[in-house]
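# Coordinates in review
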Amino acid sequence: MTGTLKTPSANSRGLTPRQAQREPAWVRYLLIGIVLLILTVLIVVPVTNIFVQALGHGWSAYTHAFFAPAPPPAPDHLTRAQALVQRKLAHTYESAAHNREAIATTLFVAVLVVPLNTLFGIAAAWLLTKFPLRFRSVALTLIDLPFSISPVIAGMVFVLLFGLQGWLGAWATNVRIGRPAFDIAAAFPYVQLAWVPATGIIFNWPGIVLATCFVTFPFVARELIPLMEAQGTEEEQAAVTLGANGWQLFRRVTLVNIKWGLLYGIILCNARAMGEFGAVNVVSGNVIGKNGTIPIRIEQLFSAENNLSGAFALATLLAGLALLTLLLKSMLEWRTRQSTRKVQDA
Amino acid sequence: MARARRILPGFGLSLGFSLTYLSLIVLIPLAACALKAATVSRADWYELLTSPRVQSALKVSFGTALVAALINAILGLLVAWVLVRYAFVGKRLLDALVDFPFALPTAVAGLTFADLFTANDFRTGWLARVWNPFVTAVLNAWNATLAPLGSTAGRLVRPDGWHWHLGPAWQDFFAGYASPTAIVIVLVFTGFPFVVRTLQPVLEELDPELEEAAACLGAGRWCTFRRVIFPMLLPAWLTGMALAFARGVGEYGSVIFVSGNLRYKTEIVPVLIYDELGEFRYAHATALAMILLVISFAILLCINLLSSWTRRFA
Amino acid sequence: MSIKSMGATLLAALLLFSATSAFAVTLTNVSYDPTRELYQDLSAAFTKYYKDKTGETVQIESSHGGSGKQARAVIDGLKADVVSLALAADIDAIATKAGLLNADWQKKFPDNSSPYTSTIVFLVRKGNPKHVKDWNDLLQEGLKIVTPNPKTSGGARWNYLAAWGYALKTNHNDQDRAMAFVKALYTHAPTLEQGARGATTLFAERKQGDVLLAWENEACQSVADHPEEYEIVVPSVSILAEPPVAIVDKVVDANNTRTQAEAFLTYLYTPDAQEIIGRNFYRPRLPAVAAKFKDQFPPVVLFTIDEVFGGWTKAQKDHFADGGTFDKILQQ
């Protein structure tokens with residue numbers, strides 16, 4: 001399958017080199033050294049830089065990116081220095097509020113997008129692997145589509161449909177679709193829930209959800225299709241002969257077999273949904289303080305507000321998510337290896 | 001033969017849901033895009049394709065993606081070889097690290113590279129402090145070496161005025177920020193896992209007997225690599241390179257942080273599309289998108305063909 | 001607890017919280033980049049004033065960004081009750097392209113709907129190490145200028161026209177020489193930021209560049225905050241900038257917020273608001289308040305866009321539209 005980034009199989013402990021496969025020792029060490037250098041400069045340095053920059057200004061600067069104290073009410077006459085301090089406090093407070101809003105929007109979008117794409121992934125994988133179909137290769141290419149489309153184009157197609165100047169513009173900009181929003185408050189009950197009324201699809205959360213769905217829908221499907229294909233249909237057929245209906249069939253037979261692949265697909269889909277930038281940039285209009293997700297907010301902080309410490313603070317969240325994704329992936333691989341070994345030993 | 005009854009349930013449901021979802025999310029929006037692009041007249045297409053801004057954007061997009069893919073091809077081969085063939089402390093960790101650019105959101109990647117290469121105070125931009133003097137040194141060495149060849153007289157001055165001397169404009173070209181080099185660096189980062197992960201399975205499944213046979217016949221290691229191993233790796237290597245190239249062409253999030261979006265110098269096609277959308281020239285934007293899509297599909301087709309070639313020889 | 005009872009509790013909590021959130025009218029003000037602090041102060045003052053006057057709580061949410069970019073966002077569907085952009089051409093674009101307000105919006109409020117004026121000056125590092133005195137000093141070798149992108153920022157367009165106006169004045173109104181001058185100027189600006197505030201932060205906090213072509217209020221604010229780091233250089237001639245405000249008719253009618261929006265914009269012309277405007281380093285319109293803040297603004301010879309360029313519609317078309325002089329300059 002094109003573009004499948006399968007990580008190496010159980011054999012990553014390294015092939016046992018036999019005499020004919022041994023390079024001279026100096027070649028080996030040189031190559032290992034070069035590779036270490038490459039990986040350090042290319043990957044380790046940029047990633048640690050994220051955390052160094054975020055925490056380099058001190059822990060309080062880092063937390064102020066998320067929870068800044070509200071500036072005290074200002075007396076009427078302030079000295080220059082006091083006015084400066086007051087302004088900085090107000091600015092930090094507002095920036096932190098925007099950051100929290102971005103986090104809340106990102107989580108909201110992920111909560112909508114990931115289940116939808118999971119359902120699609122399961123449905124598409126079921127359709128394409130359990131039934132013989134003529135248009136199978138067309139479908140597979142279609143599923144691979146978002147990997148070859150620039151994310152800006154993914155956002156653009158929705159602006160074409162739903163923007164004020166687009167095909168459905170007149171309806172789309174006036175439809176009222178609010179959403180629940182939460183914010184962390186300083187006092188009890190510490191969480192504020194509210195209903196945010198809003199209008200429109202572009203510049204509003206439905207646009208972001210649609211664009212993110214477009215970009216992330218293949219992930220679960222691509223994980224499940226080869227997996228379910230390798231597993232074949234015998235077990236399901238056996239279950240049907242034993243009298244299982246559709247739901248029982250899925251829950252007790254298929255789901256059990258695909259659960260690790262499914263979990264991995266969900267994790268990837270989630271990571272990508274939370275980190276998507278290009279498509280969301282186009283549909284959310286990139287207006288400061290309005291409906292941004294975390295990557296959008298990072299870009300605003302960096303280029304429009306030139307606030308590096310805030311940008312890096314948010315970046316640590318996403319980098320942490322990436323680390324978590326990789327960790328879960330390693331664990332899942334270890335699990336799969338274990339279960340394969342069990343099957344082999346049995 | 002009568003139509004076989006489907007044994008397993010759920011055909012209708014899965015077909016219905018998949019088709020509806022795909023239509024709503026993918027097919028209808030893409031159809032709208034194609035329809036809009038169809039409204040562009042031939043004169044407009046010509047004007048678009050010959051406009052200097054579009055041409056330079058295409059050059060930047062495809063040029064940087066190509067260079068990054070080539071660099072990744074070499075780096076990826078090295079890394080895949082070492083990770084598969086050698087055992088050393090921390091190999092598992094490095095193996096997991098290779099996937100980082102794939103898991104890290106592009107905006108974060110762009111942010112950290114932009115920060116590394118813009119020299120500000122002592123805390124930031126320390127890669128710039130290494131990179132910029134290095135570039136200056138290389139350029140000076142180049143100019144100094146070629147100085148005896150003379151500057152005006154001689155064969156090295158072509159009618160179009162090309163000159164061997166690399167002036168300050170080249171310092172900007174190779175700078176780590178707001179230059180095509182910056183784009184290449186960031187594309188090398190984002191495309192890095194593609195080549196490695198495409199090569200690793202193939203490397204693992206290489207039959208050691210072929211190498212042993214080559215050794216028996218008297219081939220040295222380099223000769224064995226060149227004539228026995230590498231040709232077997234070639235399809236996967238090209239596939240990985242094509243994947244990295246395709247990814248690099250469409251890359252937006254990380255590039256806009258480091259490129260400075262200078263028109264005619266570092267503006268990539270997706271930025272141009274975004275600008276055209278912003279100016280409400282929807283037809284132009286979709287026309288550009290179509291150009292990108294057509295080329296991306298062509299690459300996808302090549303990748304598919306390469307994969308089937310690989311399978312034939314596996 | 002079973003899932004059902006947890007869900008019921010959550011739903012009840014959600015309803016409770018939304019019910020207790022205070023009902024307030026919210027106005028959205030889409031503004032240009034440097035006016036964050038200004039509209040923070042003005043919004044707070046207006047909320048208090050309006051509550052005292054009518055008892056109704058009105059919250060104003062401001063959005064800031066490059067003026068051109070903000071205008072395009074509104075045209076694309078961003079709901080704004082009130083717009084306060086950097087130049088009239090951007091609001092004109094909203095009127096013509098999206099039909100969201102009437103074409104004669106500028107007559108609705110006094111002084112061409114601009115409650116304050118401003119201009120363009122240079123901000124340099126303390127001690128003026130590059131000895132910048134006037135526009136032509138910006139062309140010296142190796143000098144880096146920080147200025148935003150005229151395609152997205154309003155301040156950038158005022159910068160551009162101020163430079164063009166100076167070139168016209170020193171070259172006997174020769175348009176070609178003026179274009180050559182501005183072209184040379186922009187070769188000294190390696191990157192173009194999205195908005196005026198972004199440019200200021202690049203210059204002041206990330207310490208890039210030698211000269212910032214800045215809004216007067218941005219320059220004055222930077223010097224007031226850090227007098228030991230920056231100083232203002234006033235060029236021999238600059239442009240009178242009149243950032244206008246307007247009500248977006250279609251949106252306020254749909255949101256039923258016309259009274260509050262009109263009250264807000266009218267409030268901007270009251271002495272209290274003009275004081276806040278002066279304190280934020282914008283030049284107030286009210287003569288009494290303007291006299292009070294006279295000393296904080298450096299004296300500068302100003303020309304208007306009407307007398308040199310024939311108004312914003314013509315200037316936008318000639319210089320910043322597709323194929324205008326800015327496009328030609330970038331084409332090198």
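Quick caveat, the model's predicted, so the values are computed rather than measured. (Residues numbered from 1 in each chain as written. Chains lettered and ligands numbered in written order. Predicted model: local features only at pLDDT ≥ 70, side-chain atom pairs only at ≥ 80, totals over all residues.)

In terms of regular secondary structure, chain A is built from 13 helices and two strands. Within chain A, buried positions represent 45% of all 346 residues. (Helix = DSSP H or I, 4+ residues; strand = E, 2+ residues; numbered from the N terminus. Buried ≥ 20, exposed ≤ 12 C-beta atoms within 10 Å, placed from the backbone.)

Per the secondary structure count, chain C includes 16 helices and 13 strands. On C-alpha atoms alone, chain C measures out to a radius of gyration of 22 Å, which is about the 20 Å that the 2.2 N^0.38 rule sets for 332 residues. Counting only C-alpha atoms and orienting by the principal axes, one finds that chain C spans roughly 75 × 45 × 45 Å. Looking at chain C as a whole, 50% of its 332 residues are labelled buried. Sequence-distant contacts, at least 24 apart, represent 72% of the contacts inside chain C between residues at least 6 apart. (Rg over C-alpha atoms; globule rule 2.2 N^0.38 Å. Contact = placed C-beta atoms within 7 Å.)

It is worth spelling out the interface of chain B and chain A at this point. Counting residues at the interface gives 87 residues for chain B and 83 residues for chain A. If one sorts the elements of the side of chain B that touches chain A by residue count, helix α1 (residues 11–38) of chain B sits on top with 14 residues. Looking at the side of chain B that touches chain A residue by residue, the classes come out as 62 nonpolar, 13 polar and twelve charged. (Nonpolar A, V, L, I, M, F, W, Y, C, P; charged D, E, K, R; others polar.)

Right, let's get into helix α1 (residues 25–55) of chain A. Spacing of three or four residues puts side chains on the same side of an α-helix, whose turn is 3.6 residues. Residues and elements named next belong to chain A. Across its 31 residues, α1 extends 42 Å between first and last C-alpha, which sits within 8% of the 45 Å expected from 1.5 Å per residue. Taking the largest bend as the criterion, α1 deviates by roughly 40°, centred on Thr-40. Turning to α1, its buried residues number three or more, namely Val-35, Leu-39, Leu-42, Ile-43, Pro-46, Val-47, Asn-49, Ile-50, Gln-53 and Ala-54. (Expected span 1.5 Å × (residues − 1). Bend = angle between axes of the 7 residues up to and from the residue.)

Turning our attention to the sheet that holds strand β3 (residues 82–84) of chain C. Residue and element names in this part refer to chain C. A sheet is described by the order of its strands in space; here four strands give the open sequence β2-β1-β3-β11, paired in mixed fashion. Where the open sheet ends on each side, the last strands, each with one partner, are β2 (58–65) and β11 (245–247). Direction aside, the axes of adjacent strands within the sheet are offset by 20° on average. Sheet analysis places strand β1 (residues 25–32) next to β2, joined by eight bridges and oriented parallel. (Pairing = 2+ DSSP bridges. Axes fitted to C-alpha atoms, helices over the stretch in contact; angles between N-to-C directions.)

This part takes up unusual backbone geometry. Its identity as a non-glycine residue notwithstanding, Asn112(C) has a phi of 60°, on the positive side. Residue class for Asn112(C) comes out exposed when judged on the 10 C-beta atoms lying within 10 Å of it.

Residues and elements named next belong to chain C. Strand order across the open sheet formed by five strands is β7-β6-β8-β5-β9, with mixed pairing between neighbours. Bordering the open sheet on either side are β7 (192–193) and β9 (230–233), each of which pairs with just one other strand. Bridge analysis of strand β5 (residues 120–125) against strand β8 (residues 211–215) gives five bridges, and the strand direction is antiparallel. Residue pairing for β8: Ile-120 is matched across the bridge by Trp-215.

Let's shift gears to helix α3 (residues 67–76) of chain C. Along α3(C), ten of the ten residues are buried, which leaves the element largely enclosed by surrounding structure. Those residues of α3(C) that are buried lie in contact with α13 (269–278) of chain B together with β1, β2, β3, α4 (88–98) and α6 (154–170) of chain C. Positive phi appears at Gly77(C), one or two residues downstream of α3(C), with a value of about 130°.

What follows concerns the domain arrangement of chain C. Residue and element names in this part refer to chain C. Once the domains are mapped, chain C shows domain 1 (3–117 + 242–296) and domain 2 (120–240 + 301–331). Every contact between the two is made by 22 residues of domain 1 and, on the other side, 22 residues of domain 2. Broken down by element, the side of domain 1 that touches domain 2 gets its largest block of residues, four residues, from α4. Taken together, the residues that form the side of domain 1 that touches domain 2 break down as nine nonpolar, seven polar and six charged. (Domains from an automatic or database assignment.)

Attention now moves to the packing of α6(C) against helix α7 (residues 175–187) of chain C. All names here are of chain C. Close contact between α6 and α7 brings their axes to 8 Å; oriented N to C, the two are set at 135°. Between α6 and α7, the interaxial angle falls into the category oblique. As for the relative orientation of α6 and α7, their crossing is right-handed in sense. Seen from α6, the contacting residues are Tyr-160, Ala-163, Trp-164, Ala-167 and Leu-168; seen from α7, they are Arg-177, Ala-178, Phe-181, Val-182 and Leu-185. Considering only residue class, the contact of α6 with α7 consists of nine nonpolar, no polar and one charged. (Parallel < 35°, antiparallel > 145°, perpendicular 65-115°, else oblique. Left-handed = near helix turned anticlockwise from the far one by under 90°.)

Before going further, it helps to examine the environment of Leu202(C). Residues and elements named next belong to chain C. Its location among the elements puts Leu-202 in helix α8 (residues 196–204). For Leu-202, a count of 20 C-beta atoms within 10 Å corresponds to the buried category. Remark: the alpha-carbon pair of Leu-202 and Asp-295, spanning 93 residues in sequence, is separated by 28 Å.

All names here are of chain C. Mean pLDDT over chain C stands at 88; residues scoring 70 or higher make up 93%. For chain C, per-element mean pLDDT is lowest for helix α1 (residues 3–20), which scores 51, and highest for β11, which scores 96. Note that residues 14–22 has pLDDT below 50 and, in this model, nine contacts with residues that lie over four places away or in other chains. Here the complex is predicted with pTM 0.86, and the ipTM for its interfaces comes to 0.85. (pLDDT = per-residue confidence, 0-100.)

Next up on the list: the pairing of β1(C). With respect to burial, β1(C) is a largely interior element, six of its eight residues being buried. In terms of handedness, the path from β1(C) via helix α2 (residues 36–54) of chain C over to β2(C) forms a crossover that is right-handed. (Right-handed = clockwise from strand over helix to strand, strands pointing away.)

Tracing the chain through its elements places Ala178(B) in the loop between α8 (168–173) and α9 (180–204). Sequence spacing of Ala178(B) and Ala32(B) is 146 residues, and the spatial spacing of their C-alpha atoms is 35 Å. Setting aside anything within four residues of it in sequence, one finds Ala178(B) in contact with Ser259(B), Gly260(B), Leu262(B), Thr266(B), Pro190(C) and Thr191(C).

Ranked by internal contacts, the top residues of the largest apolar core, which has 265 residues, are Met156(A), Ala315(A), Ile273(B) and Val83(C). The two domains that each donate at least three residues to this core are domain 1 (3–117 + 242–296) and domain 2 (120–240 + 301–331) of chain C. Those residues within four positions of Ile273(B) in sequence are excluded, and the remaining contacts are Val152(A), Ile153(A), Met156(A), Ala285(B), Leu288(B) and Ala289(B). (Core = buried A, V, L, I, M, F, W, Y, C linked by C-beta atoms within 7 Å.)

Further remarks concern the packing of helix α3 (residues 80–130) of chain A against helix α10 (residues 246–275) of chain A. Residues and elements named next belong to chain A. Remark: α3 packs on α10, axes separated minimally by 9 Å, with the N-to-C direction vectors making an angle of 140°. Classified by the angle between their axes, α3 and α10 sit oblique to one another. Once α3 is placed against α10, the crossing between them reads as right-handed. Residues Thr-106, Val-109, Ala-110, Val-113, Val-114, Asn-117, Thr-118 and Gly-121 of α3 touch α10, and the partners they reach there are Gly-265, Ile-266, Cys-269, Asn-270, Ala-273 and Met-274. Among the residues forming the contact of α3 with α10, the class breakdown is eight nonpolar, six polar and no charged.

Time to look at the confidence of the model for chain A. Low pLDDT means the predicted atomic positions in that stretch should not be read closely. Residue and element names in this part refer to chain A. Taken over all residues, the pLDDT of chain A has a mean of 84, while the share at 70 or more is 91%. Within chain A, helix α7 (residues 205–216) carries the highest mean pLDDT (93), whereas strand β1 (residues 179–184) carries the lowest (77). Here residues 8–15 scores under 50 on pLDDT; set against residues more than four positions off or in separate chains, the count is 15 contacts.

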